[in-house]
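An overview of the molecular structure
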Amino acid sequence: MIGGGGLPARISSRYYLASILAALLIGAGFYLLLLKPLDHFIGTVIHASMREAVADVQRLCEYNYGALLRAGVVGDSPATRIQQAVTLGLLEDYAASRQLRIQVWDGDELLLGRREPAPAEVLPAAGRLLATALLVAPDSRQAVSKIDFAGRSHYAAATTFSPWEWRLVVLKESGLYQSARQRLHQAYYATIALLLAWVLLGIIFFKRQIEKPIARIISSLRQGEKPAYRGAYEFEFLSDHLAAAMAEQEQLHQRFFQQQKLESIGLLAGGIAHDFNNLLAALYGQISMANLDLPPGHPARHPLELAEQSADRARSLTAQLLTYSTGGTLNRRIQDIAGLLTEIGHFVISGEGYQLRLHIADDLWESAIDRQQIGNVLHNLLLNAKEAMPSGGTVEIVAANRELPTSSGLPLAPGCYLRLQIRDYGPGIPAANLSLIFEPYFSSKPRGATKGTGLGLSICQSVITRHGGHIEVASQPGRGTTFTIYLPAAAPG
Amino acid sequence: MLKIGQNWVLLLLFLLGLQLAGLPLLGADFEARAAAAADDRREPIRIALSLALSGKYAPMGRSQRRAFRLWERDINFRGGLLGRPVTLTIEDDRSRPTRARKLYRRFIEKEVDLLLAPFASETTLAILPLTERHHYPLLASGAAADEIWEQGYGYVFGIFTPAGKFTFSLLEMLVAYQLDNLAVFYSQEPFSRNAARGTLRWARWLGLEVVRKQEFDRQRSDFTPLVSSARRAGAEVVIMAGHLGEAVALRRAMAEVGWQPRVYYATQGPGHDAFVERLGAAADGVFGTEQWQYLGGVAPSRASGRFAREYQQQYDKSPDYFAFAAYAAGDILAAAVAETGSLARRQLRDTLASLDIQSIIGRFRVDGRGRQSRNFSLVTQRQDGRLEVVWPESLQTAEPRL
C-alpha cells in the first residue's frame, strides 16, 4: 500500500523505513566521518614514524662519521673501526628502544640484525639503495612498504650510508598498528550490530507499543464498538475520547429520531385538530341553535349543556394539539425570567407541607420569550414536581447563566444561555420511562378528569425548542427528578 | 496505564539514590585514606631486599650490604623519605635464585613499601616476575645482564653498564694496540652469557678474531683445559665472562699450565679486594672493569669521594663498585620518591623511567626498556698492587702493560 508522496500508507511501514534509513545514515556517517579519517590517520602515523626512524638512523651514522672527520681520521683505521662499532651499538640500542629491527649490510655481510628478510625482498620496495641520499622522501607514502616475513607483517624502509658503504633497512612489526586498525574495524562492526539491534528493538517497541494499540482501536471502530483500550496514556486518552464521541453521536441520533417522530406526530395531530376544530364549530352552532329553539326548563336543555361542555373540552384539547404541532404564534419579548420564576413558583408551590427554594443568580440574563407559553411550561413543570410529592416536600428552582462551548454535548449552538432547573425530591422516574417522557400521550398518571392528557411535557418540549432552547430530564429513583431548561440569553453580560 | 512509566521512574530514582548514597561512602573512603596517610607519616617506610651474604656471590653481596646500611644511616640522618624514617630489611638469599624468590614473595606478602634488587643477574631474573606482577619498581643494583631488559618487563631499571657492553672499552683498547686474537670463556649464567655475547658481537664489528670460545659449567673447578685450548688456538687475549671465583680459578689455571696471554681480562673480580687476597701477586697484570666511580683512585665527584671516605671509616675497607652501586641505588630511589612525592608504585615507576641524575656511580638515565643507557665502564689493570685505569685513553692513569 503506497500513500501520498510515494510513501507506504501504513505508519508502521513508514517507521520501519525511517529507522532503517536512520541506521544506514548513522552507519555511513560513522564510517565516513570517523573510521575512515582515523584509518587514514593511522596510515599517516605509520609512514611518519618510519620516515622519522630512517632519518634518525641516518643522523646517527652521520654524527659518528662526523666525529671521525673532526678528529682528522680519514680512511680505514683502528679509529674508524671503533667508531663504526660504536655506531652499530647505538643503532642496536635505538632499534631496541623504538621496537624496531634494523639491518646493516656491508656488501653481502650482515653487520647488524637478523638475516631475514633477505635484502632482495626489501630492495624492490625500498627503491634505489645505492644512492647516498635518503631514500625515504619526507612526503612520499610509497617510500614505506609492507612486507611479510617470519609469519608476520612488517613495514619496511631503507636508506644508505655511502661513506661506509652501508645499506640500512628499518623494519617495524605492523602488529601495533594492525591491532589499532583491527580495533577500528571491530568498532565499526560493533556499531553496525548496535544499529541493527536498535532498529530491531525499535520495530519490536513500535509493534507492541504503537501498532497494536492502534490496531485494537481501529478494530473496535470497524466493528462499530466503542474502543476500550487500556495501556499507554496517549492511546488511552484517544480511545476514551473516541468512545465518548461515539456515545454523543448516538445520543444525537436518538434525539434526531425523536425530533422527527414528534414533528410527524405534531403534523398529523395539527391536521386532525384543525379539521376537528371546524367540526366542533359546526357542532357548537347546532347546539346553540337547538338551545334557542328550546323553552327554558325543557328536559332536553340539560343534555345539550352536557354536550356543550364536552365540546368545550374538545376545543381545549384541539387548542393544545395545535399548540403542540405548530406552537401557535410566539409573541416573544425580552422578559425578566427571574420575576416570572418567582411569581409562578410561589403561585404553584403553596399549601401545607410544601416549600419552595429559589436560587436565582442576581445577574441572571434576560431572554426573549413568549411569557404566556414559557409561563405555562414552568407552571406545568412545577405542578409535576408538586404532584411527585403528594405528602409535601421541597421544590428547588435554580437559575444561572451559562456560556456553552462548541462541544457542550447539548443540541445547542455555542453561545449564552439561561439554565433553569426545577428539582423535586420525589420518588423519581424509572429509567425505562425517562426516554419516553417527552412523547405525546405518554403519562405515568391515570387518565380521567383529574388526570393529564399526556400532552404536557411534549408541549413543554415543543415550546422550549421553538424558543431555540432545550429541555432535558435527569432522575434517579428515590432521589427525585430535575428538569433543566436552556433558553437563549437576550443580551448576555 | 502508567505502570511501565512508573517502573522506569522508580528504576531511575533507585539508580540516582545509589549514586547519591555512594557519595558519602566515597567521602568516607577519602577521609579514611587521608587519616591513613596522616598515620603513615609517623610510620617508617619499609624497604626490603635480599643479598648474597653467603654462597658464591657473598663477597659482592656483603659489600653491597655495607653500602646499603650506610645509605640507611645517611638517609635517616637527612630526615628520611617524605619526612618518614626508613627501615631497610636485608635477608640472605645464599646466592640462590629460588631462595631469593621466596624472600621477595614474603616481602610482598608483608606489603613492604618498596623493594630493592638482589645481587647477581640470575637472582634478579628469578624475582622479576613477582615484582612486576605487584608493580614494584626495582633498581637493579646488582645485575647487568641484557636478558633482564629483553623480557618486556616495565618496572626494572639498570644502574650498571649492561653486560653486553661491559667489554667494549677493553676491545676498543685491543684494536688500538692491535691485539686481534681472542679466546672467550663464559659461565652458564645470565650475566656471563650476555657479557660473552656482547664481546663476540663487538669483536666482529671491530674486526677482531675470536679463536676460541667456550661456555663452561657453573660447577666447574678445573680450568686448565680451557687455558690449554686458548694457548693452542694462539689466543693473545683471554676474556673470562664470569664472577670472582671463576676469574680467580682461571688465573690459577694459567699459572698451573705455565702460560700467560698478553691480556687476561675478567668481567668481575679484579677490582675486588678478595681477588687480591686470593691470588696475591698473581693478581697483578689482570685486566678488569670498573664503573665511573673509579678514576684511578680519584673521586669524580664530591659525593662519591664522601661515600668512599665514610665507607672506609665505617668498615675499614675500600668500597668496590658493587658498594658504590648499592649506595647509588638508594640515592636514586630517594630522588625518585622525592620527585614523585609519594610511594605510589606506578607513579614511582614513571619517575624512574624519565629520571636523569648524576649518582655516585655515574649518570642514571635509562632507555625505553629500562636498561642503563648513559653509564660507561673503564678498563683497569692491577699494576704493582694498584688498580690503574688503562682505558679509555683520555682517562688513563697508566699505560696498559701487555
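Residues numbered from 1 in each chain as written. Chains lettered and ligands numbered in written order. Predicted model: local features only at pLDDT ≥ 70, side-chain atom pairs only at ≥ 80, totals over all residues.

**A word on the overall build of chain A**
When helices and strands are tallied, chain A shows ten helices and twelve strands. For chain A, the proportion of its 493 residues judged to be buried stands at 24%. Once local pairs closer than 6 in sequence are excluded, the contacts in chain A between residues at least 24 apart make up 63%. (Helix = DSSP H or I, 4+ residues; strand = E, 2+ residues; numbered from the N terminus. Buried ≥ 20, exposed ≤ 12 C-beta atoms within 10 Å, placed from the backbone. Contact = placed C-beta atoms within 7 Å.)

**So, the overall build of chain B**
A tally of helices and strands in chain B yields twelve helices and 14 strands. Looking at chain B residue by residue over its 402 residues, the buried ones come to 49%. A separation threshold of at least 6 residues defines the contact pool for chain B, and within that pool the share at least 24 residues apart is 68%.

**A closer look at the interface of chain B and chain A**
Accessible area lost upon the coming together of the parts serves often as the stated size of an interface. Every contact between the two is made by 14 residues of chain B and, on the other side, 15 residues of chain A. At the level of elements, helix H5 (168-176) and helix H6 (190-206) of chain B are the ones that each hand at least two residues to the side of chain B that touches chain A. Of the residues that constitute the side of chain B that touches chain A, the class distribution is seven nonpolar, three polar and four charged. (Nonpolar A, V, L, I, M, F, W, Y, C, P; charged D, E, K, R; others polar.)

**A short note on helix H12 (residues 345-354) of chain B**
Residue and element names in this part refer to chain B. Regarding H12, the residues found buried are Leu-348, Arg-349 and Leu-352. What you see down the axis of H12 is that its buried residues fit within an arc of 105°, all on one side. For H12, exposure combined with an orientation more than 90 degrees from the buried face picks out Arg-346 and Ser-354. Structurally, H12 contributes buried residues whose contacts are with strand E5 (156-158) and helix H11 (321-340). (Arc of directions from axis to C-beta.)

**Comments concerning the environment of Tyr-354 of chain A**
All names here are of chain A. Tracing the chain through its elements places Tyr-354 in strand E7 (residues 354-360). On the basis of neighbour count, Tyr-354 is assigned to the partly exposed category, with 16 C-beta atoms found within 10 Å. Taking the C-alpha atoms as reference, Tyr-354 lies 7.6 Å from Val-395; in sequence the two are 41 residues apart. Apart from the residues lying within four places of it in its own chain, the contact partners of Tyr-354 are Ile-349, Lys-386, Gly-392, Gly-393 and Val-395.

**What about the nonpolar core?**
Grouped together as the largest cluster of nonpolar side chains are 147 residues, with contacts concentrated most on Val-170 of chain A together with Leu-139, Ala-325 and Tyr-327 of chain B. Apart from residues no more than four positions distant in its own chain, Leu-139 of chain B is found in contact with Leu-116, Ala-117, Phe-157, Ile-159, Ala-329, Ile-332 and Leu-333 of chain B. (Core = buried A, V, L, I, M, F, W, Y, C linked by C-beta atoms within 7 Å.)

**What to know about unusual backbone geometry**
All names here are of chain B. Note that the residue after Trp-391, namely Pro-392, is joined by a cis bond; omega there is 10°. Position of Pro-392 relative to the elements: it lies in the segment after strand E14 (386-391). Despite not being glycine, Ala-120 shows a phi value in the positive range, around 85°. Note that Ala-120 resides in the loop between strand E3 (114-115) and helix H4 (121-133). A count of 30 C-beta atoms within 10 Å places Ala-120 in the buried class. A positive phi angle, near 55°, is found at Asp-384, a position not held by glycine.

**A look at the sheet that holds strand E2 (residues 86-92) of chain B**
Residue and element names in this part refer to chain B. The sheet built from three strands is open, its strands ordered E2-E1-E3 with parallel pairing. Two strands in the sheet have a free side with no partner beyond their single neighbour: E2 and E3. Pairing between strand E1 (residues 45-51) and E3: two bridges, direction parallel. Its bridge partner lying in E3, Ile-47 is registered against Leu-114. Sheet contacts for helix H3 (residues 97-109): E1, E2 and E3; angle to E1, the most-contacted strand, approximately 170°. (Pairing = 2+ DSSP bridges. Axes fitted to C-alpha atoms, helices over the stretch in contact; angles between N-to-C directions.)

**A short note on the pairing of E14 of chain B**
Residues and elements named next belong to chain B. Pairing analysis gives five bridges linking strand E13 (residues 378-383) to E14, with the strands arranged antiparallel. Each residue of the ladder has a partner; that of Gln-381, found in E14, is Glu-388. Between E13 and the antiparallel strand that follows it, E14, lie two residues; Asp-384 among them carries a positive phi value of about 55°.

**Things to note about the pairing of strand E8 (residues 237-241) of chain B**
Residue and element names in this part refer to chain B. Counting buried residues along E8, five of its five residues qualify, which places the element largely inside the surrounding structure. Burial along E8 is two-sided: the face carrying Val-237, Ile-239 and Ala-241 and the face carrying Val-238 and Met-240 are both buried. Summarising the sheet, strand E6 (residues 181-187) and E8 pair through five bridges and their orientation is parallel. Its bridge partner being in E8, Phe-185 is matched across the sheet by Met-240. Sheet topology places E8 next to strand E9 (residues 263-266); four bridges connect them, and they run parallel. Bridge pairing in E9 links Ile-239 to Tyr-265.

**Overview of helix H2 (residues 78-97) of chain A**
With 20 residues, H2 of chain A should reach 28 Å at 1.5 Å per residue; the first-to-last C-alpha distance of 29 Å fits that figure. Listed as buried for H2 of chain A are Ile-82, Gln-84, Ala-85, Thr-87, Leu-88, Leu-91 and Ala-95 of chain A. Elements that come into contact with the buried residues of H2 of chain A comprise helix H1 (11-70), strand E1 (101-106) and strand E2 (109-112) of chain A together with H5 and H6 of chain B. (Expected span 1.5 Å × (residues − 1).)

**Section: the sheet that holds strand E4 (residues 152-161) of chain A**
Residue and element names in this part refer to chain A. The strand order across the open sheet built from five strands is E2-E1-E5-E4-E3, with neighbouring strands paired in antiparallel fashion. The strands lining the two open edges of the sheet, one partner per strand, are E2 and strand E3 (145-149). Direction aside, neighbouring strands of the sheet carry axes that sit 35° apart on average. Bridge count between E4 and strand E5 (residues 166-173): eight bridges; the pairing is antiparallel. Bridge pairing in E5 places Tyr-155 opposite Lys-172. Its contacts with the sheet place H2 against E1 and E2, and it is angled at close to 155° to E1.

**Quick word on the environment of Leu-176 of chain A**
All names here are of chain A. Looking at the element boundaries, Leu-176 is found in helix H4 (residues 175-222). Since 13 C-beta atoms lie within 10 Å of it, Leu-176 is described here as partly exposed. Considering only alpha carbons, one finds Leu-176 and Ile-46, 130 residues apart in sequence, at a separation of 10.0 Å.

**Brief notes about the packing of H2 of chain A against H5 of chain B**
The interhelical angle for the contact between H2 of chain A and H5 of chain B, taken along N-to-C directions, is 160°, at an axis separation of 9 Å. Comparing their axes, H5 of chain B and H2 of chain A come out roughly antiparallel. Between H2 of chain A and H5 of chain B lies a crossing of right-handed hand. Judged by residue contacts, Pro-78, Arg-81 and Ile-82 of chain A of H2 of chain A engage Glu-172, Val-175 and Ala-176 of chain B from H5 of chain B. Here the residues of the contact of H2 of chain A with H5 of chain B are counted per class, giving four nonpolar, no polar and two charged. (Parallel < 35°, antiparallel > 145°, perpendicular 65-115°, else oblique. Left-handed = near helix turned anticlockwise from the far one by under 90°.)

**Comments concerning the packing of helix H8 (residues 371-388) of chain A against helix H10 (residues 456-466) of chain A**
Residue and element names in this part refer to chain A. Contact geometry of H8 with H10 gives a least axis separation of 10 Å together with a crossing angle of 140°. In the packing of H8 onto H10, the handedness of the crossing is left-handed. Contacts between H8 and H10 involve Gln-373, Ile-374, Val-377, Asn-380 and Leu-381 from the first element and Gly-456, Cys-460, Val-463 and Ile-464 from the second. Split by residue class, the contact of H8 with H10 holds six nonpolar, three polar and no charged.

**Considering the environment of Ile-82 of chain A**
Along the polypeptide, Ile-82 of chain A turns up in helix H2. Here the alpha-carbon distance between Ile-82 of chain A and Leu-68 of chain A, two residues 14 residues apart in the chain, equals 9.9 Å. Non-local contacts of Ile-82 of chain A, meaning those with residues more than four positions away in its chain, are made with Glu-172, Val-175 and Leu-206 of chain B.

**Digging into the confidence of the model for chain B**
Residue and element names in this part refer to chain B. Counting all residues, the mean pLDDT for chain B is 87, and 88% of those residues have values of 70 or more. Note on residues 1-5: pLDDT under 50 across the span, and five contacts to partners over four residues away in sequence or across chains. For residues 20-32, every residue scores under 50 in pLDDT, and the model assigns this stretch zero contacts once sequence neighbours within four places are set aside. For this predicted complex, the interface confidence reaches an ipTM of 0.74, while the overall pTM sits at 0.60. (pLDDT = per-residue confidence, 0-100.)

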